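These are the residues of each chain, in order.
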Amino acid sequence: MWDAGVDESILDDVVRLDAADPSGMLPQVASSARQVRESAALAREVGVDSLAADGRPRAVLVAGTGTSAAVGDALAAVAGSRCPVPVLGHNGFGLPGWVGVTDVVIAISGSGRDEAALSALEEADRRGCRTVAVGLPDSPLAHRAGRARALFLPAPVADGRPTRAGFWALLLPAVAVVRALGLLPPTAEGPEAVEAAAVRLEDLAIRCRPASETFISPAKVLALELAGSLPLLWGTTALTAAAASRAAGQLAANAGYPALLGTLPDSASLQAGVLDGPFGVRGADGDPAEDFFRDRVDDGAEPVRLRLVLLRDQAAEHPTVTRQAEAAVTAAAERAVAVTELSAQGASRLERLASLVGLFDYTSVYLALALGVDPTPVAAARDLSAPPTPAARET
């Protein structure tokens, strides 16, 4: 039995919210629109368009861990299934064996110290790949990029701040690289799409600001819906799957809160069993399910229950996936499992991604504050680092 210990009243108290967020994670989330505009402008100033001189690559590999790995997933989603070359993420050390001189490697590290990104950049240089580095200026990554004669794109990430707060500062330079290589239709994901994503994030910042009352703040409402439940995050497209993965990471890092992760159509068969499992409310036969984690002494506490959270993108869903999503909602309702449906908003893939990622960034912070958790430090991440070298993964 688990008592979530949710303090709903703090969400409507600006003074208490500010006191509970001493490192200012909420203002950092609110900087997302600025990150989009600044990083896109910096990429242009540095000369990212020069990458077009050597023609189209065979593949684009994004190397990095933690938030940088989430950027790789997001970049592949923004490129979309019609991208003429594969856009892949790599969150290990070195490079896969197939990567060679005809490929482009983008090494990303918000801190500029991620060992996986540094090793990928070094190996890409050794193999003669076209290389790009994205990260903090005057860092080990920037210095190694200089030695490798790689194009370095500075990311406006505040030094000493959690890398996860600089997601957009890392993603937009990577988007600029893929666009410069001619892999994105300029009318679909061009400057207009970048500005639309920034405007979308600005709108979220207004609606989700601390002074907004809970009932009109979508992030506060979602935080309370998730509190005390086990979220099952299902994406219905590659884009919403990337957003769901980012959401799960933010819930874990900011709020210390777990979530299950899946993507339709695979999850319709691989994870459907959890609806009938111990975290469901009713079994397949309609009878109340036995609470596997019920405290035999204190029966007054609320049990942990599953909540299905569907991240939808009707503009790109396959008809079969749409039917599966509708069936999942029906199946959950029959089992008295709560359902939250969230739809991506916007004309471009980048804007639709922003509509979901931005919402969950705020939600994870508000959930942390409602649970009495400081959303900035992650002590376990430090404990899992491999001394004496810097952390092998970035959060």
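Basis of the calculations
Residues numbered from 1 in each chain as written. Predicted model: local features only at pLDDT ≥ 70, side-chain atom pairs only at ≥ 80, totals over all residues. Heavy atoms only, no water. Core = buried A, V, L, I, M, F, W, Y, C linked by side-chain atoms within 4.5 Å. Buried < 20%, exposed > 50% of the residue type's maximum accessible area, 1.4 Å probe, protein only. Contact = heavy atoms within 4.5 Å. Salt bridge = Lys/Arg side-chain N within 4 Å of Asp/Glu carboxyl O. Helix = DSSP H or I, 4+ residues; strand = E, 2+ residues; numbered from the N terminus. Pairing = 2+ DSSP bridges. Right-handed = clockwise from strand over helix to strand, strands pointing away.

## Here's the deal with the nonpolar core
Formed by 89 residues in total, the largest nonpolar core has its most connected members in Val-48, Leu-75, Ile-106, Trp-168, Leu-171, Leu-353 and Phe-360. Those residues in contact with Trp-168 that sit more than four places away from it in its chain are Ser-32, Gln-35, Val-36, Ser-39, Pro-173, Leu-201, Leu-350, Leu-353, Ala-354, Val-357 and Asp-361.

## With respect to the pattern of salt bridges
One pass over the structure, following the stated rule, counts 16 salt bridges. For Glu-122, the salt bridge identified is with Arg-144, shortest N-O distance 3.2 Å. Remark: Arg-144 occurs in helix H6 (residues 140–147) and Glu-122 occurs in helix H5 (residues 115–127); sequence separation between them is 22 residues. The class for Glu-122 is partly exposed, based on a relative accessible area of 48%. Here Glu-334 makes a salt bridge to Arg-335, at a shortest N to O gap of 3.8 Å. On the accessibility criterion, Arg-335 (14% relative accessible area) is buried. A single network of salt bridges, built from pairs that share partners, joins Arg-37, Glu-195 and Glu-202.

## Focus: the environment of Leu-371
Considering the arrangement of structural elements, one finds Leu-371 in the loop between helix H14 (349–370) and helix H15 (379–383). Taking the relative accessible area as the measure of exposure, Leu-371 reaches 18% and is therefore buried. Residues Leu-371 and Ala-227, spaced 144 residues apart in sequence, show a C-alpha to C-alpha distance of 8.2 Å.

## What about the pairing of strand S3 (residues 104–109)?
The buried fraction of S3 is high, at 6 of 6 residues. Across the two faces of S3 the burial is the same, with Val-104, Ile-106 and Ile-108 and Val-105, Ala-107 and Ser-109 all buried. Direction of pairing for S3 relative to strand S4 (residues 130–135): parallel, over a ladder of 6 bridges. Counted as the bridge partner of Ile-106 is Val-132 from S4. In terms of handedness, the path from S3 via H5 over to S4 forms a crossover that is right-handed.

Shape is all these values report; function is a separate question.
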